[in-house]
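As a plain string of letters, each chain reads:
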Amino acid sequence: MKIDIFGMFVDEIAQVIHPYGLPKYRALQIAKWMYQCGVYDFDNMTNLSKDHRALLMDNFVIHTVATQAVQQSSDGKTSKYLVSFHDGSAVETVLMRQPYGNSVCVSTQVGCAMGCVFCASTLNGVTRNLSGGEILAQVLYINRLLQQEQAAVNNIVIMGSGEPLANYDNVLKFIRLCHEEYSIHLSYRSITLSTSGLVPEMNQLAREGLPITLSISLHAPTNEIRSQLMPINNRYSLPEVMDAGDYYAEQTGRRVTYEYVLISDVNDKIEHAGQLAALMKGRLANVNLIPVNPVMERGLLRPDNKRIQQFEKILLDKKINVTVRREMGTDIRAACGQLRNNVVNNSPKAR
Ligand code: SAH
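Residues numbered from 1 in each chain as written. Predicted model: local features only at pLDDT ≥ 70, side-chain atom pairs only at ≥ 80, totals over all residues. Heavy atoms only, no water.

A.B. asks: Please provide a residue-by-residue account of the nonpolar core, values included.
C.D. replies: Met34, Phe118, Ile156, Phe174 and Ile175 are the most contacted members of the largest nonpolar core, which has 108 residues in total. Per-element tally for this core: the top contributor is helix H4 (residues 132–147), with 8 residues. When we break this core down by domain, the ones giving at least three residues each are domain 1 (3–61) and domain 2 (66–350). Those residues in contact with Ile175, other than ones at most four positions away along the chain, are Ile158, Tyr188, Ile191, Leu193, Leu210 and Ile212. Counting residues in hydrophobic clusters, the runner-up holds 5 residues, among them Val94, Cys105, Val157 and Met159. (Core = buried A, V, L, I, M, F, W, Y, C linked by side-chain atoms within 4.5 Å. Buried < 20%, exposed > 50% of the residue type's maximum accessible area, 1.4 Å probe, protein only. Helix = DSSP H or I, 4+ residues; strand = E, 2+ residues; numbered from the N terminus. Domains from an automatic or database assignment. Contact = heavy atoms within 4.5 Å.)

In structure tokens, the structure reads:
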């Protein structure tokens, strides 16, 4: 069995190549070929000797991603990729070209176990966790596409399919790999992690000392409504999740974002806006309102624009920091899991 070195830190590469007589500085060269140059064939790592290249080919392999499907939004700003790994499982990765830079949305699991009623990623449950390397491969894939137009990935949002904190170690490894100088050297502040509210892991993350942005999927102003939308709320209730948000803000000094998917007649009423404003009062927090991307399988609808503006205004009047998410990619069904579901449902071979 050849060892896959994609997703290893330099020290880990050094450790596995050491028995073959390759010194540590070779590990750094290999890391740069993979993570900076997009070279995944040892034979093309031209600053290594022919003998070393042959040794590497005999004993190691570099697994990355292959493209299965692509969708572009009509304005050309959002591109969605279905990418597959060496075992054939596939996830979605989205590139959003925004005025402040290029953002990539990565997936952390194949499918999702959380069961949120408005989310397409969870319709078939979770298949497996992605490794740190498999999450990084999504970013580097987009980065290579951008390099062709002299651009690069500027922000990462960990908001694709999966619950990142249910795959804690691999996601943390991914975040740290992105920050390495021999990789894309991204600042932690340019990385946002979104969670459905796994309280123990949120607290653990707060103690890591990484200044990444935490985004909490709140989606309801009361414990009761949250339980109807998100089964995880029966394990970690809304007040516990908000306590963990406060702890994160306290430990990191970072403003926490609360995501709130607006669903017609479910959580978009005037009284809900008032309740949400009361919850947010006095907190180091932003609210991000997200008109729901309709998921036909679930029969949940987006409120009309008037209702969305009304909801936003109630929060603004109460001096809450609030933004309505610019809807990118609605025309390509860019909500979590929707491209994958299309392909999976239409192709007997896809998984
Ligand atoms: N599991 C994590 C991250 C993945 S979901 C989490 O729950 O935060 C990323 C964000 O997309 C979450 O806020 C999620 O609630 C939201 N989302 C899921 N389905 C959506 C839909 N149909 N329309 C709009 N946002 C959706």
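Moving on from the coordinates now.
A.B. asks: Could you give an account of unusual backbone geometry, with specific residues and numbers?
C.D. replies: Positive phi outside glycine occurs at His219, with the angle close to 65°. With respect to the secondary-structure elements, His219 resides in the loop between strand S11 (213–217) and helix H7 (223–229). Judged by its relative accessible area of 4%, His219 falls in the buried class. With a phi angle near 65°, Lys319 is a residue other than glycine that sits in the positive phi range. Relative to the helices and strands, Lys319 resides in the loop between helix H10 (305–317) and strand S14 (322–324). On the accessibility criterion, Lys319 (70% relative accessible area) is exposed.

A.B. asks: Give a description of the environment of Tyr81 that names residues and reports values.
C.D. replies: Relative to the helices and strands, Tyr81 is located in strand S4 (residues 78–84). Taking C-alpha positions, Tyr81 is 9.3 Å from Gln138, a pair spaced 57 residues apart along the chain.

A.B. asks: Explain the packing of helix H6 (residues 199–206) against helix H8 (residues 238–252) residue by residue, including any values.
C.D. replies: Where H6 contacts H8, the two axes come as close as 9 Å, and the packing angle between them is 5°. Between H6 and H8, the crossing angle belongs to the class labelled roughly parallel. Residues Val199, Met202, Asn203, Leu205 and Ala206 of H6 pack against Glu240, Val241, Ala244, Gly245, Tyr247, Tyr248, Gln251 and Thr252 of H8. Classifying every residue of the contact of H6 with H8 by side-chain character gives 8 nonpolar, 4 polar and 1 charged. (Axes fitted to C-alpha atoms, helices over the stretch in contact; angles between N-to-C directions. Parallel < 35°, antiparallel > 145°, perpendicular 65-115°, else oblique. Nonpolar A, V, L, I, M, F, W, Y, C, P; charged D, E, K, R; others polar.)

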